[in-house]
Amino acid sequence: MKSNYKQLGQFIRQVDVRNSEGKEENLLGVSVQKKFIPSIANTVGTDFKKYKVVKKGQFTYIPDTSRRGDKIGIALLEDDEEGLVSNVYTVFEIIDEKQLIPEYLMLWFSRPEFDRYARFKSHGSVREVMDWDEMCKVELPVPPYEKQKKIVDGYKAITERIALKQKINDNLAA
């Protein structure tokens with residue numbers, strides 16, 4: 001079963017692009033629902049040049065796992081072309097999307113088993129963190145591109161049907 005598992009580190013790389021222009025738009029946080037959300041941080045007096053830029057197709061995760069219960073904050077930017085995130089977050093991208101599809105990886109991160117693994121691999125005394133080295137050691141199945149695409153497309157079709165049925169139910173209830 002684990003014969004087709006590979007370490008994530010061979011497929012990803014950190015990205016550290018700073019907001020050198022000092023933009024103040026689209027400041028994002030990461031939720032435990034594994035989504036980007038508008039930041040609620042108090043930004044009065046903040047130097048936005050220290051913030052990191054995350055672009056569409058890139059991931060952001062919060063290495064500090066101690067304040068999120070049993071979940072790790074991680075998200076894939078899909079809805080915006082770019083955003084700004086805190087400099088304490090880790091931004092990374094897939095090196096070759098023909099080897100590993102970002103949406104497939106996000107499905108893997110969304111599993112409760114990944115959250116448990118991340119908490120188990122976190123270390124520290126006051127603040128537990130799952131650092132970059134531990135993220136790179138994550139093992140996951142990496143099927144051929146066509147199989148990954150089929151899995152992603154199947155998941156999208158199911159979630160779209162669920163959303164459509166929810167709209168129908170909402171209309172019937174109204």
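This text goes with the structure placed above it.
So, a few notes on the structure that sits alongside this text.

About the cut-offs
Residues numbered from 1 in each chain as written. Predicted model: local features only at pLDDT ≥ 70, side-chain atom pairs only at ≥ 80, totals over all residues. Heavy atoms only, no water. Core = buried A, V, L, I, M, F, W, Y, C linked by side-chain atoms within 4.5 Å. Buried < 20%, exposed > 50% of the residue type's maximum accessible area, 1.4 Å probe, protein only. Helix = DSSP H or I, 4+ residues; strand = E, 2+ residues; numbered from the N terminus. Contact = heavy atoms within 4.5 Å. Phe/Tyr/Trp six-rings, centres within 6.5 Å; stacked < 30°, edge-to-face > 60°. Lys NZ or Arg CZ within 6 Å of the ring centre and 35° of its normal.

Notes on the nonpolar core
In this structure, Leu-8, Ile-12, Phe-92, Leu-105, Phe-109, Phe-114 and Met-135 are the most contacted members of the largest nonpolar core, which totals 29 residues. Put simply, the parts of the chain that give this core at least two residues each are β6 (59–61), β7 (74–76), β9 (90–94), α1 (102–109), α2 (112–121) and α3 (132–137). Counting residues per element, this core draws most heavily on α1, which supplies six residues. Not counting chain neighbours up to four residues away, the residues in contact with Phe-92 comprise Ile-12, Arg-13, Gln-14, Val-15, Gln-58, Phe-59, Tyr-61, Ile-74, Leu-105, Phe-109 and Trp-132. In this structure, Val-30, Phe-36, Val-54 and Val-85 belong to the second largest nonpolar core, which totals eleven residues.

Looking at the packing of aromatic side chains
Within the structure shown, the criterion is met by eight aromatic pairs. Measuring from ring centre to ring centre gives 6.3 Å for Phe-92 and Phe-109, while their planes differ by 85°; the resulting arrangement is edge-to-face. Pair noted here: Phe-92 is in strand β9 and Phe-109 is in helix α1, with a separation of 17 residues, a long-range link. You can call Phe-109 buried: its relative accessible area is 0%. Among the aromatic residues, those joined into a ring-pair cluster are Phe-59, Tyr-61, Phe-92, Phe-109, Phe-114 and Trp-132. Taking NZ or CZ as reference, Lys-98 lies 4.7 Å from the ring centre of Tyr-145, over its face. The aromatic ring of Trp-108 is capped on one face by Arg-111, whose charged end is 4.1 Å from the ring centroid.

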